[in-house]
Protein chains: 2
Amino acid sequence: MNSSPSRAAIGVFDSGFGGLTVLKELVALIPSADYLYFGDTARLPYGSKSVETVGRYAVEATHFLEQQGANLLVIACNTATALALDQIKRAAHVPVIGVVEPGAEQASSASKNRRVVVIGTEATVSSHAYRKALEQRGMAAREKACPLLVPLVEEGWVEHPVTEQVAGIYLQDAFGDGFQGADVLVLGCTHYPLIKPLLRRVAPAHVSIVDSAHSTAKAVAGKVGDFYKALDRRGQPTLKFFATDSVEKFRRMGPNFLGHPVNSVEHVDLKE
Amino acid sequence: MNSSPSRAAIGVFDSGFGGLTVLKELVALIPSADYLYFGDTARLPYGSKSVETVGRYAVEATHFLEQQGANLLVIACNTATALALDQIKRAAHVPVIGVVEPGAEQASSASKNRRVVVIGTEATVSSHAYRKALEQRGMAAREKACPLLVPLVEEGWVEHPVTEQVAGIYLQDAFGDGFQGADVLVLGCTHYPLIKPLLRRVAPAHVSIVDSAHSTAKAVAGKVGDFYKALDRRGQPTLKFFATDSVEKFRRMGPNFLGHPVNSVEHVDLKE
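Residues numbered from 1 in each chain as written. Chains lettered and ligands numbered in written order. Predicted model: local features only at pLDDT ≥ 70, side-chain atom pairs only at ≥ 80, totals over all residues.

Trainee: Quick one: what's the story with the confidence of the model for chain A, residue by residue and with numbers?
Mentor: Averaged over all residues, the pLDDT of chain A is 92; the fraction at 70 or higher stands at 94%. Model confidence for the complex is summarised by a pTM of 0.89, with the ipTM given as 0.86. (pLDDT = per-residue confidence, 0-100.)

Structure representation (structure tokens):
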């Protein structure tokens, strides 16, 4: 990595492709940085795995990105943040930002009724990381696991009637029974920004949608501003990708999440 | 493992829970055996991973089951069989049976029109293992990837209208455009036996369903008969389970696939 002190080398970590929605927001907000994206595609999804397993994987990814020269780490994976942020912070030698706190903070700004619904993977929901972060800000939270939404997004059915039906079933459940008054929906999974227009149609009309990918990019921009006073905001980004499974698949799937072509992907085997 | 020469110690390997449908059939056909089931739940699903990654995981599982005393190995995972059976056979010191050949053999017996549809994961379909096995038997095959069916089964929606709709979309595609005459549907994924009644309703009426879990158990029964002449068919099975992710989750999910409680689960970390 050629990172001069005036440029941030931002390591972005996810279990797979979802974190590319965070990277997309980061590049838009902080164009003058070097980005190192690590997708642990051989071991995805994290969303159905235990805290011990996710913690171990996340720490390995942390060390890898530091070795590659990252001087700031973004955990662009709700599951890894929810289950292992403290563990990652202990293992890392550079500042670490996860997706949960920025999402909770933005939900707090957006909610008048102080009642919020969070949707995410099974593991994110079971950890209650969002509920804790929202309760600390004086809000009541209902967390709803939506395990079918990631596979539907990965199937490319982002505007499909089946996806709309499944999302409708999940959200009806989440906003029912005492939570009709909730006025914010937090997208607690980095795959969900791809179905934001569909979720907008399915969610109750009075509800604001908080996209944790976007909230996180804003938080990182603040942090980068603190750390790199001489930051050159006119520069161009460089992007480098690492994947633990097939490079070809990463090149094929990546653009759906990032919004433009994914070049320069390198295969990494964390076992070696 | 206490395996006397008159009892088979059958190692059954899958990426997760699906292989339990094969184990269920095995126990029904060969009750007088010791079973060692290994579910690589920390690294599931294999269905979306590359041949190199799946091959490496499968060889690790093979060595583990041999160390535990298995004297016969069943690869109860279509993806691992399709991508890595030869590699597993080279690595193993005991006989190995996969799920693809028995399924193809039964399809051959069942098909009059010599046209067969196979449904499975993305990786199984991309490998064309079923097409090769069916073409060797003089049949034309269409392979259709159905990546949403595993998550729908794992969500427990085995009789849900959404699952019926998704299966309908996949099968309409598979049996259309030149394959209307296909008269066999091969369930090329060990999760699919759980939605066999639903698939029966959705598939064209003239189509026979071949369940590769059942076909494989029959093939193993033949093999065990060859290897253990003194086999005591009146004995009771013993079952021992190993999982690379949460033991608690294995106990909770397992019974849906096995049809009865899952006790004696041990956590295994293949990295150590």
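Trainee: An account of the interface of chain B and chain A is requested, with residue identities and associated values reported.
Mentor: Interface size is commonly expressed as the accessible area that is lost once the parts come together. Residue-level contacts link 15 residues of chain B with 15 residues of chain A. At the level of elements, helix H7 (149-154) and helix H8 (161-174) of chain B are the ones that each hand at least two residues to the side of chain B that touches chain A. The leading source of residues in the side of chain B that touches chain A is H8(B), at 3 residues. Looking at the side of chain B that touches chain A residue by residue, the classes come out as 7 nonpolar, 4 polar and 4 charged. (Contact = placed C-beta atoms within 7 Å. Helix = DSSP H or I, 4+ residues; strand = E, 2+ residues; numbered from the N terminus. Nonpolar A, V, L, I, M, F, W, Y, C, P; charged D, E, K, R; others polar.)

Trainee: Can you tell me about the pairing of strand S9 (residues 238-243) of chain A, naming the residues and giving the values?
Mentor: All names here are of chain A. Alignment of strand S2 (residues 33-39) against S9, held across 6 bridges, turns out to be parallel. Looking across to S9, one finds that Asp 34 is bridged to Thr 238. Across 3 bridges, the pairing between S9 and strand S10 (residues 265-267) is parallel. Counterpart to Phe 241 in the pairing with S10 is Val 265. (Pairing = 2+ DSSP bridges.)

Trainee: How would you explain the relation of the copies chain B and chain A if you had to name every residue and give the values?
Mentor: It takes a turn of 180° to lay chain B on chain A, together with a shift of 0.0 Å along the axis; the resulting RMSD is 0.0 Å. These values place the two chain copies in the arrangement generated by a two-fold rotation axis. Relative to the rotation axis, the closest C-alpha in chain B is found at Arg43(B), a distance of 2.6 Å. Mapped onto chain A, 100% of the interface residues of chain B are again interface residues, and the two copies thus contact each other with one and the same surface. (Least-squares fit on C-alpha atoms with pLDDT ≥ 70 in both.)

Trainee: Can you tell me about the sheet that holds strand S1 (residues 8-14) of chain B, naming the residues and giving the values?
Mentor: Two pairing modes exist for strands in a sheet, parallel and antiparallel, and in both the strands are linked by backbone hydrogen bonds. Residues and elements named next belong to chain B. Overall, parallel pairing links the 6 strands, which are arranged S4-S3-S1-S2-S9-S10 in an open sheet. Of all strands in the sheet, those with a lone pairing partner are strand S4 (96-98) and strand S10 (265-267), marking the two edges. Neighbour-to-neighbour, the strand axes of this sheet turn through a mean angle of 20°, independent of strand direction. For strand S3 (residues 72-75) and S4, the ladder comprises 3 bridges, and the chain directions are parallel. From the neighbouring strand, Val 74 faces S4, where its bridge partner is Ile 97. Seen against the sheet, helix H11 (residues 247-258) touches strand S2 (33-39), strand S9 (238-243) and S10 and runs at an angle of roughly 145° to S10. (Axes fitted to C-alpha atoms, helices over the stretch in contact; angles between N-to-C directions.)

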